[in-house]
Amino acid sequence: MNSSVVVLGATGSIGTQTLEVVEHLGLRVAALAAREPTPRLASIAEKYPDAVVIATGGSSEEREEFSRRVGARARFGSEALLEAASTPKVTIVNGIVGAAGLRSTIAGLEAGNRVALANKESLVAGGPVVKAALERGGGEIIPVDSEHSALYQCLLGESPESVSKLVLTASGGPFRGRSKKSLVGVTPEEALAHPTWDMGQRITIDSATLFNKGLEVIEAYYLFDIPYDRIDVVVHPQSILHSAVEFADGSWKAHLGHPDMRIPIQFALTAPDRSPGLAKPFDLAGSDLTFESPDRDAFPALDIAFSAGRRGGSSPAVLNAADEVAVEAFLQGRLGFTSISEVVQKTIDTVVYRELISVDDVIEVDREARVAAASLVERHAD
Ligand code: NAD
Ligand code: MG
């Protein structure tokens, strides 16, 4: 286990839980990063006096105020972020939300680091580019997303040929069981009320539309090199069984536990070893585990993602960017819930398909898709 970590997205849901795990394991924090130079980031920084503290956003007044509080170790801008991700011999925990996390993942891998990857958008938007960086730099990705951590653990010691299928579980979100028609007009407050996980806003809305599961299918494809027709999704409302693998001989392996992100975060830091963790003990007796097929009519996001994944190239990057724009518009009351998947599908149909060779290709596709999605949002305004 690396004794030093760099925590990107330190003020977020993943970042906060990472810092709990880091403290529990007694690791050193080499750098902390977030978008805004807020008093909250400054107060986190006070607890880690050795850490460089980076904010990529904020006005010049906010940055000045932040520097006054944090002192000489305050750094600003995306170059500082990439420098932190390239620190030698550290584990990078990438808890940044959105395609903004891609460059950090690449910088970490190129420096030969372990990247504990929560930022699913890195692989969804830049799968081929991230895999090239992995080979070039000799780093490694250990997934933090609970489903992928589960799959990674089920696959330890197994040969790729023996895998029949990967099964990702989905909680179904707050609207499980609702008809397509009844979802017109649901509010951000209703969509933000996730039944089992407490997460950032974008992923919570994505869990309500099932785009989150769609992104995770694409993430699994790039992480484990399994074709899309051997990746399944099953709804499991209790979020106890985090994902499963079916093998050629008919055996299944599944990963279970409390829905507590500190478990996969810790495993990504200690893997392949394990240490005592922070989650409360789990008792299988009395747990009621149920499984059902996803409703692909009420939640078209899943099929949109499968089809974008199968198309490959720029399509998953377009899907991700369009979804980021549509979710933001939904949260601001500018777009209806069911229009999110319509905007995403139309953006995929609009933006010209291409192969992704470099990070700049991904950034350009991401930019074009945002412009296209924003104009579709205008037209959908309801
Ligand atoms: P969040 O909204 O709670 O936090 C996001 C963090 O990213 C914040 O610290 C923010 O300042 C930072 N950030 C955003 N843009 C940035 C930029 N340009 N430069 C630097 N920092 C930036 O989000 P979250 O729920 O913690 O999710 C983070 C990532 O982890 C997402 O990709 C999400 O899909 C994934 N994930 C989260 C969970 C969870 O339980 N929260 C579970 C699985 C996967
Ligand atoms: Mg997940």
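Rules behind the numbers
- Residue positions within a chain follow its written sequence, with the count starting from 1.
- Here chains are named by letter from A upward and ligands by number from 1 upward, in the order in which they appear as written.
- Reporting in this predicted model follows two pLDDT cut-offs: at least 70 for local features of residues, and 80 or more for side-chain atom pairs to be given and counted; totals over whole chains, interfaces and linings ignore these cut-offs and use all residues.
- Think of the side-chain values as coming from all heavy atoms in the structure, minus any hydrogens and water.
- We place a 1 Å grid over just the protein atoms. Points where a 1.4 Å probe fits but has no way out form a cavity, open points with protein on both sides within 12 Å along at least 5 of 7 lines form a pocket, and any residue with an atom within 4 Å of a point lines it.
- Grid points are joined across faces, edges and corners, and a volume is the space filled by probe spheres set on the points.
- Working definition: helices are DSSP H or I runs of at least four residues, strands are E runs of at least two. Numbering for both runs from the N terminus.
- Polar here means any residue other than Ala, Val, Leu, Ile, Met, Phe, Trp, Tyr, Cys and Pro, which are nonpolar, and Asp, Glu, Lys and Arg, which are charged; Gly is therefore polar.
- Bear in mind that the domain bounds are from an automatic or database domain assignment.
- Note on geometry: axes are lines fitted to C-alpha atoms, helical ones only across the stretch in contact, with angles between N-to-C directions running from 0 to 180 degrees.
- The cut-offs work like this: below 35 degrees is roughly parallel, past 145 is roughly antiparallel, 65 to 115 is roughly perpendicular, and the gaps in between are oblique.
- The criterion used for residue contact is that any of the two residues' heavy atoms lie within 4.5 Å.
- Only nitrogen, oxygen and sulfur atoms within 2.8 Å of the metal, or 3.2 Å for Na, K and Ca, are treated as donors, and water is left out, so sites may look incomplete.
- We define buried area as the total accessible area lost by two parts upon association, computed with a 1.4 Å probe and summed across both.
- Salt bridges are defined as contacts in which a side-chain nitrogen from Lys or Arg sits within 4 Å of a carboxyl oxygen from Asp or Glu.
- With the far helix as reference, a near helix turned anticlockwise by less than a right angle produces a left-handed crossing, and one turned clockwise produces a right-handed crossing.
- Any residue with a heavy atom positioned within 4 Å of a molecule or strand is treated as near that molecule or strand.
- We call two N or O atoms a polar contact when they sit within 3.5 Å, provided that within protein one can donate a hydrogen and the other can accept it, with sequence-adjacent residues counted only if both atoms are side-chain atoms.
- Computed with the Shrake-Rupley method and a 1.4 Å probe, the accessible areas treat only the protein chains shown as cover for residues.
- Categorising residues by exposure relies on relative accessible area from a 1.4 Å probe, with only protein chains included: less than 20% of the type maximum marks a residue as buried, more than 50% marks it as exposed, and the intermediate range marks it as partly exposed.
- Pairing between strands is defined by DSSP: at least two bridges between the two strands are required.

Colleague: Mind showing me how you'd approach the layout of surface pockets here?
Modeller: Over the atoms rolls a probe the size of a water molecule, and in doing so it shows where empty space is left. Of the voids in this model, the second largest pocket is the one considered here, and its volume is about 340 Å³. Secondary-structure elements contributing two or more residues to the lining of the second largest pocket are helix 6 (121-137), strand 7 (140-143), helix 7 (146-155) and helix 10 (211-224). Looking at the lining of the second largest pocket element by element, the count peaks at four residues for strand 7. Within the lining of the second largest pocket, the residues separate by chemical class into 14 nonpolar, one polar and four charged. Both of domain 1 (4-144) and domain 2 (146-257 + 282-301) provide at least three residues apiece to the lining of the second largest pocket.

Colleague: How should I be thinking about the packing of helix 5 (residues 102-110) against helix 15 (residues 359-380) in this particular structure?
Modeller: Helix-helix packing is described using two parameters, namely the angle between the two axes and the distance between the axes. One can describe the packing of helix 5 onto helix 15 by two numbers: an axis separation of 11 Å at closest approach and a directional angle of 170 degrees. Classified by the interaxial angle, the pair formed by helix 5 and helix 15 is roughly antiparallel. Residue-level contacts link L102, R103 and I106 of helix 5 to V359, D360, V362 and I363 of helix 15. Split into classes, the residues belonging to the contact of helix 5 with helix 15 amount to five nonpolar, no polar and two charged.

Colleague: Quick question: what am I supposed to make of the coordination of the magnesium ion (ligand 2) here?
Modeller: Six octahedral donors around a metal ideally make angles of 90 or 180 degrees; four tetrahedral donors ideally make 109.5 degrees. On the protein side, the magnesium ion (ligand 2) has D145 (OD), E147 (OE) and E216 (OE) as donor atoms, found 2.1 to 2.2 Å from it. As a motif over one chain, the donors of the magnesium ion (ligand 2) read D-x1-E-x68-E. With D145 in the loop between strand 7 and helix 7 and E216 in helix 10, this residue pair connects regions lying 71 residues apart in the sequence.

Colleague: What's the story with the domain arrangement of the protein chain in this structure? I'm lost.
Modeller: Size of an interface, as often reported, equals the accessible area lost when the parts are brought together. By domain assignment, the protein chain separates into domain 1 (4-144), domain 2 (146-257 + 282-301) and domain 3 (312-382). Computed over C-alpha atoms only, the centres of domain 1 and domain 3 are separated by 26 Å. The interface is formed by 11 residues belonging to domain 1 together with 13 residues belonging to domain 3. Regarding the contact of domain 1 and domain 3, the summed buried area is about 880 Å², with carbon and sulfur atoms giving 69% of it. Considering only the side of domain 1, the residues that lose the most area to domain 3 are R103, A125 and V129, jointly responsible for 46% of the buried surface there. At the surface where domain 1 touches domain 3, the tally comes to one salt bridge. Note that R103 and D360 form a salt bridge whose closest N and O atoms lie 3.4 Å from each other.

Colleague: Is there a simple way to think about the packing of helix 13 (residues 315-331) against helix 15 in this case?
Modeller: Two elements in contact, helix 13 and helix 15, have axes separated by 8 Å at closest approach and are oriented at 40 degrees. It follows from the interaxial angle that helix 13 and helix 15 lie oblique. Helix 13 and helix 15 meet at a crossing whose hand is right-handed. Between helix 13, through A317, V318, A321, A322, E324, V325, A326 and A329, and helix 15, the contact on the second element is made entirely by V365, D366, A369, R370, A373, A374 and V377. Classifying every residue of the contact of helix 13 with helix 15 by side-chain character gives 12 nonpolar, no polar and three charged.

Colleague: How should the site of ligand 1 be read in this particular structure?
Modeller: The local shell around ligand 1 holds 22 residues, among which T11, I14, T56, E121 and G200 are the closest. Between T11 and ligand 1, the recorded distance is 2.6 Å, taken from a side-chain N or O atom to an oxygen atom. With the chains in place, 90% of the 830 Å² that ligand 1 exposes on its own is no longer accessible. Here the residues of the shell around ligand 1 sort into 10 nonpolar, eight polar and four charged. Mapping the shell around ligand 1 onto the domain boundaries places at least three of its residues in each of domain 1 (4-144) and domain 2 (146-257 + 282-301).

Colleague: So what exactly am I meant to see when it comes to the pairing of strand 9 (residues 231-235) here?
Modeller: Across a regular strand the side chains alternate sides, sitting on one face of the sheet and then on the other. When you tally the buried positions in strand 9, you get four out of five residues, the bulk of the element. Here strand 8 (residues 163-170) runs beside strand 9; their pairing, made up of five bridges, is parallel. When the sheet's bridge partners are listed, L168 is paired in strand 9 with V233.

Colleague: I'm lost on empty space enclosed by the protein in this one. Help?
Modeller: Applying the stated criterion across every chain, the model contains two cavities of 30 Å³ or more. Residue lining of the largest cavity: S146, S149, W197, H242, H255, H258, D260, I263 and P264, and that is the complete set. Broken down by secondary-structure element, the contributors of at least two residues to the lining of the largest cavity are helix 7 and helix 11 (262-270). For the lining of the largest cavity, the class distribution of residues is three nonpolar, five polar and one charged. By volume, the second largest cavity is sized at about 30 Å³. Its residues assigned to classes, the lining of the second largest cavity comprises five nonpolar, two polar and one charged.

Colleague: I tried to follow the environment of L41 on my own but got confused; where do I start?
Modeller: Structurally, the position occupied by L41 is in helix 2 (residues 39-46). For L41, a relative accessible area of 0% puts it in the buried group. When the C-alpha positions of L41 and V359 are compared, they lie 28 Å apart, and in sequence the two are 318 residues distant. With residues up to four places along the chain from it excluded, the contact list for L41 reads T11, A34, E36, V53, I54, A55 and F66.

Colleague: Can you walk me through the pattern of salt bridges in this structure?
Modeller: Where charged atoms from two side chains of opposite charge come close, those side chains can pair. The final tally for this structure, using the stated rule, is 28 salt bridges. Put simply, K165 and E246 hold a salt bridge, and the shortest N to O gap is 3.7 Å. Of this pair, K165 sits in strand 8 while E246 sits in strand 10 (residues 241-247); the two residues are 81 residues apart in sequence, bridging distant segments of the chain. Several salt bridges converge on common partners, so that one network encompasses E121, R202, D206, D323, E324, D366 and R370.

Colleague: What am I meant to see in the sheet that holds strand 2 (residues 28-34) here?
Modeller: The strands that make up a sheet are held in pairs by hydrogen bonds between backbone atoms, and each pair lies either parallel or antiparallel. One open sheet holds the seven strands; their spatial order is 4-3-2-1-5-6-7, and the pairing between them is parallel. Edge strands, defined here as strands with exactly one partner in the open sheet, are strand 4 (74-76) and strand 7. Shown here is a sheet whose adjacent strand axes are inclined to one another by a mean of 20 degrees, direction ignored. Sheet topology places strand 5 (residues 91-94) next to strand 6 (residues 114-117); four bridges connect them, and they run parallel. By the bridge assignment for strand 6, T91 is matched with R114. Packed on one face of the sheet, helix 3 (residues 60-70) meets strand 3 (52-55) and strand 4 and runs near 155 degrees to strand 4. Along the sheet, helix 5 contacts strand 1 (4-8), strand 5, strand 6 and strand 7; its crossing angle with strand 6, the most-contacted strand, is approximately 150 degrees.

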